[in-house]
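A closer look at the structure
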Amino acid sequence: MKNLICILVSVAFISIISLSSCSDFMDLEPTGEYTEDLVFSDASLTQAFVLELYNNIHPGAKEHSLDGLTDDAYFTHNYGQRIVNESVAINEGNVEWYNNDNNPFKWELRYRGIRYANIIINNIDNVPEKVGISKERLKGEAHYMRAHMYHELIRGFGGVPIVTKDFSLNEQVDMQQPRNTIRECVEFMLADLDIAEQTLPESVSGSEVGRVSKYVATGLKARIALHFASQLYADRVVNTLPVNQYDGDRMALYRLAKENAVKVIEESPFELLDCTGGINTERAVKFKAIMTDKTNSEQMFVRSYSTSGGAENRMGLWHGPNGYTNWSGTTPTHDLVMAFEFEDGSISDGMTKPGDWQEGNPYNGRDPRMYATVATDGNEWGRPRSAGAALDPTPLGRLQVGKYEVTDGNVIDLLYQDGQKRRSMWGIDSRNGPIEDWNGSWTGYYEKKLIDTSIDAQYFRQEVPHIYMRLAEMYLIAAEACVELGELEEAAKWMDILRGRVELKDTRTALSVRGVQFNQSDLREFVRRDRRAELAYEQHRYFDVRRWMIASETGNKPITGILVEGILKPGQTQNKPYIHNEEKYNYFYYVQNLSHRENRKWEDKMYFAPIMLDEMRRNPNLVQNPGMSL
């Protein structure tokens, strides 16, 4: 019996010119089931099936993401991610978040998409030609999507079974394939991307934004080569499972990563967004636009979202402040905030560990990317309050995450860190505030980078795209590969271009300010720090700390947040409503240990995710990752 394929078919699908955005071709409702014979007898139906593949890669905009599993963020509501961060109880029978649809390498979902890609690849050559539809392009898209889904799986689990056939239900024994080695997986993905490069258009525009192009395939080759050249796959002490070890020439992989990244930089139509001009907070607005623009020159591959039907992007609701009746899901850690350098190239030597404190704003004079990424106490959020307007009448909303002395109004006595009690109020964006205090941030910070703050997120979606790939990553790949290849001057060249677009100090100057050398070791750390700042909340950090094998450091750090206290200066008074004012108030900042919320502990078994027990039982030829067996 022929397989039934559920695909999306509509006039908008068949006539791609009529699409208004990527979300149109990704979010239509299924209208029926079709046999393979029917689908591949008509190029329009085949095209519809290919476009449906885009729904099988991770959609990106989710309430809790990989960032909450790193030192960059804390997931406020604890469920699912806490047990992963505390490590001990995770095994094949207790996978927790790894089997959540928020997980970009969820086994079941990615293999389902791979099956659909295989069906297309194995049948598309037999599809009759049709004017206006390029079979070669559709083939390239299918090969790209298969490589993309495998790269999501393999970065999470290590070597996985490479499946190229669409198995039927009576071939269950044949489906029981062993895990392929990392080298075999890498070679397979790169071969898929070679085909994609040869068959995809050099660029897309207009209604086709969101479909992959030639240089997206080139960029994914660069990402894959860099990832699997990294230390984790060369290690034989911690990474003891042979299928998870790369046994090829790592320097050749680094060179491949560099060559492909440079090819994208020098030959593709993509360009870095110019963020120069103005003070650092003004440059921050330009940097943030890279993420929140519906389209711009730096975005290489995105998923678009609509304010009406289909998949929704509700990042403002999921991550925004409780004082706006939002949920503050994934919140920045103080550790991330302090990782952003100062504009003179220096880095924080204080306010980095629990118990540290200072009087006066610790965020002044920072890298513009910090202001684009993280919202701190006193920041303008971007729109007026609704429910909290009486407590914050400012035109664009000023965040209140601390406690503040006030002299009149409905206030209470609060104890301060100096041991004194003062007539005070809690900020409306704090966990003690009057609006949904259970949704307040524990860390004292809010994620800002991925949110259109002008939207009333309690009620409305945002049209901010999810960016799978952007040009800045290519500069960072080129720089990191050059460092590992010993080509330090070229590494600095790529870093200087990337940093220059937000007017940060050049590499040599910044290294000198930090008192370190222009050598491989110090430049490696420099590139890694910059990568963390540039790509924060774009779901890279989870994989980076693993491939660099620094997770024993980052995963054992306590979660840190900030406590803000505003004390009136002598002779000053403030009636409610409170408004952030550095002329009236002395502000004190205290680094808080949040281990009572999540007692993070790293175990080396967490370098690779557990394969679910159900999958292990279904396929006895699978080998479980070390430390994950019952």
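Note that the structure is a prediction, hence the values are computed from the model and not measured.

Thoughts on the overall build of the protein
Secondary structure assignment for the protein yields 22 helices and 14 strands. For the protein, the spread of C-alpha atoms along the three principal axes comes to 85 × 55 × 50 Å. Of the contacts formed within the protein by residues at least 6 apart in sequence, a portion of 74% connects residues at least 24 apart. Roughly 23,300 Å² of accessible area belongs to the protein as shown, and the carbon and sulfur atoms make up 49% of that amount. Here the protein contributes 70 positive and 90 negative side-chain charges, whose respective centroids are spaced 2 Å apart.

Details of helix 12 (residues 280–292)
Its 13 residues give helix 12 an end-to-end C-alpha distance of 18 Å, which sits within 8% of 18 Å, the value for a rise of 1.5 Å per residue. For helix 12, the complete set of buried residues consists of N280, R283, A284, F287, K288, A289, I290 and M291. Turning to helix 12, the residues buried within the fold contact strand 4 (299–303), helix 15 (368–373), strand 12 (466–470) and helix 19 (520–534).

Describing the environment of E447
By secondary structure assignment, the location of E447 is in strand 11 (residues 446–447). Considering only alpha carbons, one finds E447 and H466, 19 residues apart in sequence, at a separation of 15 Å. For E447, the contacting residues outside a window of four places in its chain are M315, H319, T330, P332, T373, W381 and Y537. There is a polar contact of 2.8 Å between the side chain of E447 and the backbone nitrogen of L450.

With respect to the side chain of Q539
With respect to the element layout, Q539 can be found in the loop between helix 19 and helix 20 (541–547). On the basis of relative accessible area, Q539 is assigned to the buried category, the value being 11%. At 3.5 Å, the side chain of Q539 forms a polar contact with the backbone nitrogen of L66. With residues up to four places along the chain from it excluded, the contact list for Q539 reads H58, G60, S65, L66, D67, P104 and H466.

Examining helix 17 (residues 488–500)
An ideal rise of 1.5 Å per residue puts 18 Å on 13 residues; helix 17 measures up with 18 Å between its terminal C-alpha atoms. Tucked inside the fold, the buried residues of helix 17 contact helix 11 (250–267), helix 15, helix 16 (471–484), helix 18 (507–513) and helix 19.

Here's the deal with the nonpolar core
Judged by nonpolar contacts, the single largest core of 115 residues is most densely connected at Y98, Y144, M145, Y150, F228, F301 and M474. Beyond its immediate chain neighbours, meaning those up to four positions away, M474 contacts G219, A222, A261, V264, I265, M300 and M469.

Some words on the sheet that holds strand 13 (residues 560–568)
Spatially, 6-14-13-8-10-9 is the arrangement adopted by the six strands of the open sheet, whose pairing is mixed. Of all strands in the sheet, those with a lone pairing partner are strand 6 (357–359) and strand 9 (412–415), marking the two edges. Along the sheet, successive strands turn relative to each other by an average axial angle of 35 degrees, direction set aside. Taken together, the three bridges between strand 6 and strand 14 (residues 585–593) define a ladder with antiparallel strand orientation. Pairing of Q358 across the sheet is with Y589, part of strand 14.

A closer look at the pattern of salt bridges
Pairs can form between side chains of opposite charge whenever their charged atoms are close. Tallied over the full model, the rule gives 57 salt bridges. Between R499 and E341 there is a salt bridge, with its nearest N and O atoms 2.8 Å apart. Separated by 158 residues along the polypeptide, R499 in helix 17 and E341 in the loop between helix 14 (334–339) and strand 6 bring together distant segments of the chain. When salt bridges with common partners are traced through the structure, they connect E298, E341, D367, R369, K449, R470, R499, R501, R514, D530, E534 and E538 into a single cluster.

Observations regarding the confidence of the model for the protein
Considering every residue of the protein, the mean pLDDT works out to 93; 94% of them sit at 70 or more. Model confidence for the protein, summarised as mean pLDDT per element, is weakest for helix 1 (residues 11–14) at 33 and strongest for helix 16 at 99. Of the regions scoring below 50 in pLDDT, residues 8–31 engages in 59 contacts with residues more than four places distant in sequence or in other chains.

Quick notes on the pairing of strand 10 (residues 421–426)
Where strand 8 (residues 403–405) and strand 10 come together, three bridges link them in antiparallel fashion. The residue of strand 10 that forms the bridge with K403 is W426. Inspection of the sheet shows strand 9 paired to strand 10 by four bridges, in the antiparallel sense. In the strand pairing of strand 10, L415 is matched with K421. Linkage of strand 9 to strand 10, two consecutive antiparallel strands, is achieved through a turn of five residues, within which G419 is found at a positive phi near 90 degrees.

Definitions and limits used
Residues numbered from 1 in each chain as written. Predicted model: local features only at pLDDT ≥ 70, side-chain atom pairs only at ≥ 80, totals over all residues. Heavy atoms only, no water. Helix = DSSP H or I, 4+ residues; strand = E, 2+ residues; numbered from the N terminus. Contact = heavy atoms within 4.5 Å. Areas by Shrake-Rupley, 256 points an atom, 1.4 Å probe, with all protein chains shown as cover. Lys, Arg positive; Asp, Glu negative; His and termini not counted. Charge placed at Lys NZ, Arg CZ, Asp CG, Glu CD. Expected span 1.5 Å × (residues − 1). Buried < 20%, exposed > 50% of the residue type's maximum accessible area, 1.4 Å probe, protein only. Polar contact = N/O pair within 3.5 Å; in protein donor to acceptor, adjacent residues only side chain to side chain. Core = buried A, V, L, I, M, F, W, Y, C linked by side-chain atoms within 4.5 Å. Pairing = 2+ DSSP bridges. Axes fitted to C-alpha atoms, helices over the stretch in contact; angles between N-to-C directions. Salt bridge = Lys/Arg side-chain N within 4 Å of Asp/Glu carboxyl O. pLDDT = per-residue confidence, 0-100.

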